[in-house]
Amino acid sequence: MKKSNIKKRIYQIVGITIYICIIFLVGKMTRVFLKEFKYEMGEFNIATLGCFIGAYVVCVLVHELVHLISFLLTGFSVVAAEICGILLLFLHRKIKVKINFRRIMSGGWILPLMKKNIISLQQYKHYKRGFSFALIMGPVVSCVMMVFSLLINIKLKNSDIWYRQFFFLLFFFSAGFVISSVLKKGNSRGDVYSFFLLQKREILFLVQICENIDTEKEKNIFKISDYLVGELEKELQFQAKKNSNLLEDDIIVSAINIILMRYIICGDIIDSSTKELFEHCINTLETDKIRFMEEECKILFIHLIYYLKYEDDNRWETLVPYTINIFDDDGVNQYYKAQINQICYLENNLEFLNERENIKTSSFWEIEHLLNIQQQDERNLLEVFCESIN
C-alpha cells in the first residue's frame, strides 16, 4: 500500500474515533446539563445516539435549505447541494443523487450559479446584494434555531427525556454552526466571515462569480463576460499595489489563475501591468517551499510554467523539476505529470489526459467529476498547446 493511502486510512480511523468520542462526550455533557436542572437521565443508550445523529442532520438540513431557498429567491440557480454526504445534482429538471459515506459528518454546501451573465455594473451590484443576503441567512436561522431549541429544552422540564436530549443536542449543534460561521480554516471560510469579507474586499465576489460561471457548461470559460474579466483584472492590479505577499492570499491567487487561464485559453489581451503581475509571481515563488503551500498556489505554479512555455521563455525548464509530487493526492500528481510532459516535452499523453477517470486536477476531483468543474479548463488548455504544436 502506498504511503499516501496509508496516511488516508490513518486519518479515516482517527476521524471515526474522534466522532465516537464526541458522541460520548456530548452524551455526558447532556446528562450533566440536565442534572443541573434537576432532571433525571439514564446512562448512554441508543436513544442518545439517535438524538445525536438526528439533531446533527436537522441542523445541517435547515442551514443548507435556507441557503438554497435564499439563493433561488435572489435570482440565482442552484446546480448542486451536498447535505451530510448526500450530493444532489440539479440537471435540466432532473435530480441526480450520489452518496459519499466519507463525507457524512462534513456538513453541507450549496453551489449557486447566476441565470444571466453580468454585463453591467447594475447587474453586478444586484447579484452581490443577493449573494450576500443568501450567505448570511444560514447563520441567522441557525442562531434562531439555537435560541428556540434552548427555550424548548427548558420548557420540557417534566417531559420525556428523549425530547429534552434531542433539543439540547439541537442547541449544541446550532451553536457550533453559529461559531464555525465566523471562523476561517485554510481556504474554507465560514458564512459570516465570508459575508463581511465580501463587503470589505471586492475581489472575493469577482472571483466567486467567475469561478461559478466557469462551472456551467462545456467550454464554459468563454461564458465569463468581458466586463467581469476587466473588473477582476483592475481589482487584481489594485490589490497587488497594496499587498506585497500576493501568493499568501488565496483569493488573489485564485484571481491570478482565472486571468492567466483566460489569457492562454481565450487569447484575452492583457496590459503590461498584468504581465508584470505574472512576472512578480514567477520571481517570488519559493520553489523549495511549493509543496507546503495551499493547493490553489500549486496549481497556479504549474499554470505559470505553461505561461512561460506559451511565451517561449526557457525559464520553464528550471521550474518543472519542482512540480514532482507536490500534491497530497497521487492521482492529481499523476495527472499533472502527464500534462506537463505533454505540454512542455511534447510527449503523447493525450489518450491518458482525455480519459475522464484520469482527470484529477485537485484534491476535490471526486466532486469535480460530478460537476465537470476545472477539468474543462484543463482540456481547453491542452487544445491550445496541441494546436500550437501541430
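Our subject is the structure listed above.
These figures come from a predicted structure and were not determined experimentally. (Residues numbered from 1 in each chain as written. Predicted model: local features only at pLDDT ≥ 70, side-chain atom pairs only at ≥ 80, totals over all residues. Heavy atoms only, no water.)

Turning our attention to the overall build of the protein. Helix and strand counts for the protein come out as 15 helices and six strands. A total of 390 residues make up the protein; the buried ones form 48% of that total. Of the contacts made within the protein by residues no fewer than 6 positions apart, 67% connect residues no fewer than 24 positions apart. Counting only carbon and sulfur atoms, one obtains 59% of the accessible surface of the protein, whose full area is about 20,800 Å². (Helix = DSSP H or I, 4+ residues; strand = E, 2+ residues; numbered from the N terminus. Buried < 20%, exposed > 50% of the residue type's maximum accessible area, 1.4 Å probe, protein only. Contact = heavy atoms within 4.5 Å. Areas by Shrake-Rupley, 256 points an atom, 1.4 Å probe, with all protein chains shown as cover.)

The next subject is the nonpolar core. One recurring pattern in soluble globular proteins is that nonpolar side chains are buried together. Ranked by size, the top nonpolar core spans 79 residues in total, and within it L232 and Y306 carry the most contacts. If you tally residues by element for this core, the top one is helix α8 (residues 250-266), at 12 residues. Beyond its immediate stretch of four places on either side in the chain, L232 contacts I203, L206, V207, C210, A255, I258 and I259. One finds Y56, L156, F167 and F177 within the second-largest nonpolar core, a separate group that totals 16 residues. (Core = buried A, V, L, I, M, F, W, Y, C linked by side-chain atoms within 4.5 Å.)

All right, on to the pairing of strand β3 (residues 94-99) then. The buried count for β3 comes to zero of six residues, which makes it a mostly uncovered element. Note: strand β2 (residues 86-91) against β3, six bridges, orientation antiparallel. Pairing of L87 across the sheet is with K98, part of β3. The loop that links β2 with its antiparallel partner β3 comprises two residues; one of these, H92, has a positive phi angle of about 50°. (Pairing = 2+ DSSP bridges.)

Taken as a whole and assessed by the stated rule, the structure comprises one cavity of 30 Å³ or more. For the largest cavity, the calculated volume is near 40 Å³. Mapped onto the lining of the largest cavity, the elements with two or more residues apiece are β4 (108-114) and α6 (202-213). Here the lining of the largest cavity takes four residues from α6, the largest share from any one element. Residues that form the lining of the largest cavity fall into these classes: seven nonpolar, two polar and no charged. (1 Å grid on protein atoms, 1.4 Å probe; cavity = no way out; pocket = protein on both sides within 12 Å on 5 of 7 lines; lining within 4 Å. Points joined across faces, edges and corners; volume = space filled by probe spheres on them. Nonpolar A, V, L, I, M, F, W, Y, C, P; charged D, E, K, R; others polar.)

The phi dihedral of D312 falls on the positive side, at around 60°, and the residue is not glycine. Positionally, D312 belongs in the loop between α10 (295-310) and α11 (316-319). Here N325, not a glycine, exhibits a phi torsion of approximately 50°, which is positive. Within the secondary structure, N325 is located in the loop between α11 and α12 (330-345).

The next thing to look at is the environment of M114. Inspection of the secondary structure puts M114 in strand β4. Note on M114: relative accessible area 7%, which makes it buried. Distance from M114 to L72, taken between C-alpha atoms, is 9.8 Å for residues 42 residues apart in sequence.

For a regular strand, side-chain orientation follows a simple rule: the groups alternate between the two sheet faces. Along strand β1 (residues 76-83), six of the eight residues are buried, which leaves the element largely enclosed by surrounding structure. Relative to β4, β1 runs antiparallel, the two being bridged by seven bridges. Note that in β4 the partner of A80 across the bridge is L111. Across four bridges, the pairing between β1 and β2 is antiparallel. Its bridge partner lying in β2, E82 is registered against L87. Hairpin connection, β1 to β2: the antiparallel pair is bridged by two residues, and C84 has positive phi, about 50°.

Moving on to the state of the cysteines. In this structure the tally under the stated criterion is zero disulfides. Among the cysteines around C59, which has no disulfide bond, C84 carries the closest sulfur, lying 9.6 Å off. (Disulfide = S-S within 2.5 Å.)

On to the pattern of salt bridges. On inspection of all chains with the given rule, the structure shows nine salt bridges. Between E202 and K128 there is a salt bridge, with its nearest N and O atoms 3.1 Å apart. In this pair, E202 sits in helix α6 while K128 sits in helix α3 (residues 121-155), placing the two residues 74 residues apart along the sequence. On the accessibility criterion, E202 (29% relative accessible area) is partly exposed. The exposure class of K128 is buried, given its relative accessible area of 13%. With a shortest N-O distance of 2.5 Å, R189 and D250 are connected by a salt bridge. (Salt bridge = Lys/Arg side-chain N within 4 Å of Asp/Glu carboxyl O.)

Quick look at the packing of aromatic side chains now. Per the counting criterion, the structure on display carries 20 aromatic pairs. Grouped by ring-pair contacts, the aromatic residues F71, F76, Y124, Y127, F131 and F205 constitute a single cluster. Across from the ring centre of W365, 4.2 Å away, lies the NZ or CZ of K360, which sits over that ring. (Phe/Tyr/Trp six-rings, centres within 6.5 Å; stacked < 30°, edge-to-face > 60°. Lys NZ or Arg CZ within 6 Å of the ring centre and 35° of its normal.)

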